[in-house]
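Secondary and tertiary structure notes
Below are the chains, spelled out letter by letter.
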Amino acid sequence: SQEVDHQESGGLHSIATRFRGKLSQWIFNERKGGMSMKKILTGLSLLTLILGLNTCARAADLPWITSYKKAERKAKKEKKILMVDFTAEWWGACKKLDRDTFGNKSSKKLLKDIVISKIDVDKDKETPNIFKIQFLPTVVFIRPDGTEIDRFVGFLDYAKFSEKVKEVAEKAKK
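Here the structure is a predicted model, which is why all the values come from computation and not from measurement.

A closer look at the pairing of strand β1 (residues 81–87)
- Most of β1 is tucked away, with seven of its seven residues classed as buried.
- Side chains Ile81, Met83, Asp85 and Thr87 of β1 all project onto a buried face; the interleaved residues Leu82, Val84 and Phe86 project onto the opposite face, where all are buried too.
- Of the strand pairs in this sheet, β1 and strand β2 (residues 114–120) are connected by seven bridges, and their pairing is parallel. Its bridge partner lying in β2, Ile81 is registered against Ile114.
- The pairing of β1 with strand β3 (residues 138–142) spans five bridges and is classified as antiparallel. In the strand pairing of β3, Met83 is matched with Phe141.

Structure representation (structure tokens):
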């Protein structure tokens, strides 16, 4: 099942998986001088980098729109809910939400009928003000007509996020 997961996400994720295998062969290959401390430390450093890239690749698998106006137009045209994730690259809770929640392999299926937008508050100063964003991360759900359905602030694990998305879908019908 782990191999299937690697193949499904493709791209950078599968490259990282192959590289991990080569890296462990290099570290533990006795014919090339065994396991020196330098090899172990170098290997662990590279492995940490690769695992970080792996996570980013998974979160990036979602079809994020980084322009609020484009996402808003798309949601209106397709008559879909718009989810806007207000984030900052440097904030730990935002990284955790990307890695653990949006990076979950089931997120793509869960969000398939929702237009999703990721707004970096350091790059777009206007949109966060429109929504009165005070804390990060904040995720806002909006109807196609532009009215807010709901929002949450802070980290939600995948299970709680999934419940929230289903709750929002029900509220949007009313």
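Focus on helix α5 (residues 92–102)
- Buried within α5 are the following residues: Cys94, Leu97, Asp98, Thr101 and Phe102. For α5, the arc enclosing every buried residue in end-on projection is 115°, short of the 170-degree limit, so these residues lie on one face.

Remarks on the pairing of β3
- Taken across its five residues, β3 has five buried, putting it largely inside the fold.
- Sheet analysis places β3 next to strand β4 (residues 148–153), joined by five bridges and oriented antiparallel. Bridge assignment links Thr138 to a residue of β4, and that residue is Val153.
- Counting the residues in the hairpin turn of β3 and β4 gives five residues, including Gly146, whose phi is positive at 95°.

Thoughts on the packing of aromatic side chains
- Under the definition given, this model contains seven aromatic pairs.
- Taking the centre distance of 5.5 Å and the plane angle of 80° together, the rings of Trp90 and Trp91 count as edge-to-face.
- Overall, the relative accessible area of 39% leaves Trp91 in the partly exposed class.
- Centre to centre, the rings of Phe102 and Phe161 are 5.4 Å apart; their planes meet at 85°, and the pair counts as edge-to-face. Taken together, the residues span a long stretch of sequence, with Phe102 in helix α5 and Phe161 in helix α8 (residues 158–173) at a distance of 59 residues.

Notes on the sheet that holds β4
- Reading across the sheet, the four strands line up as β2-β1-β3-β4 and stay open at both edges, with mixed pairing between neighbours. Of all the strands in the sheet, just β2 and β4 have a single pairing partner and so form its edges. Across the sheet, the mean angle separating the axes of adjacent strands is 15° when strand polarity is ignored.
- Contacts from α5 reach β1, β2 and β3 within the one sheet, and its direction differs from that of β1 by about 135°.
- Sitting on the sheet, α8 is in contact with β1, β2, β3 and β4, with an inclination near 165° to β4.

A look at unusual backbone geometry
- Pro137 follows Leu136 through a cis peptide bond whose omega is -15°.
- With respect to the helices, strands and loops of the structure, Pro137 is situated in the loop between α7 (126–130) and β3.
- Even without a glycine there, the phi angle at Lys79 is positive, about 55°.
- Residues other than glycine seldom take positive phi values, yet Lys132 does so here, at roughly 55°.
- Its place among the elements puts Lys132 in the loop between α7 and β3.

Regarding the environment of Phe141
- For Phe141, the location among the structural elements is in strand β3.
- Separated by 25 residues in the primary sequence, Phe141 and Ile116 have C-alpha atoms spaced 9.3 Å apart.
- The residues touching Phe141, leaving out its near neighbours within four places in the chain, are Ile81, Leu82, Met83, Thr147, Glu148, Ile149, Asp150, Phe152, Phe161, Lys164, Val165 and Val168.

A few points about the pattern of salt bridges
- Taken as a whole and judged by the stated rule, the model has 14 salt bridges.
- The partner of Glu78 in a salt bridge is Lys80, with the nearest N and O atoms 3.4 Å apart.
- The class of Glu78 is partly exposed, set by a relative accessible area of 35%.
- Residue Lys80 is classed as partly exposed on the basis of its relative accessible area of 23%.
- Between Lys164 and Glu167 there is a salt bridge; the shortest N-O distance is 3.6 Å.

Cut-offs and rules
- Residues numbered from 1 in each chain as written.
- Predicted model: local features only at pLDDT ≥ 70, side-chain atom pairs only at ≥ 80, totals over all residues.
- Heavy atoms only, no water.
- Buried < 20%, exposed > 50% of the residue type's maximum accessible area, 1.4 Å probe, protein only.
- Helix = DSSP H or I, 4+ residues; strand = E, 2+ residues; numbered from the N terminus.
- Pairing = 2+ DSSP bridges.
- Arc of directions from axis to C-beta.
- Phe/Tyr/Trp six-rings, centres within 6.5 Å; stacked < 30°, edge-to-face > 60°.
- Axes fitted to C-alpha atoms, helices over the stretch in contact; angles between N-to-C directions.
- Contact = heavy atoms within 4.5 Å.
- Salt bridge = Lys/Arg side-chain N within 4 Å of Asp/Glu carboxyl O.

Function cannot be read off these values alone, since they describe shape.
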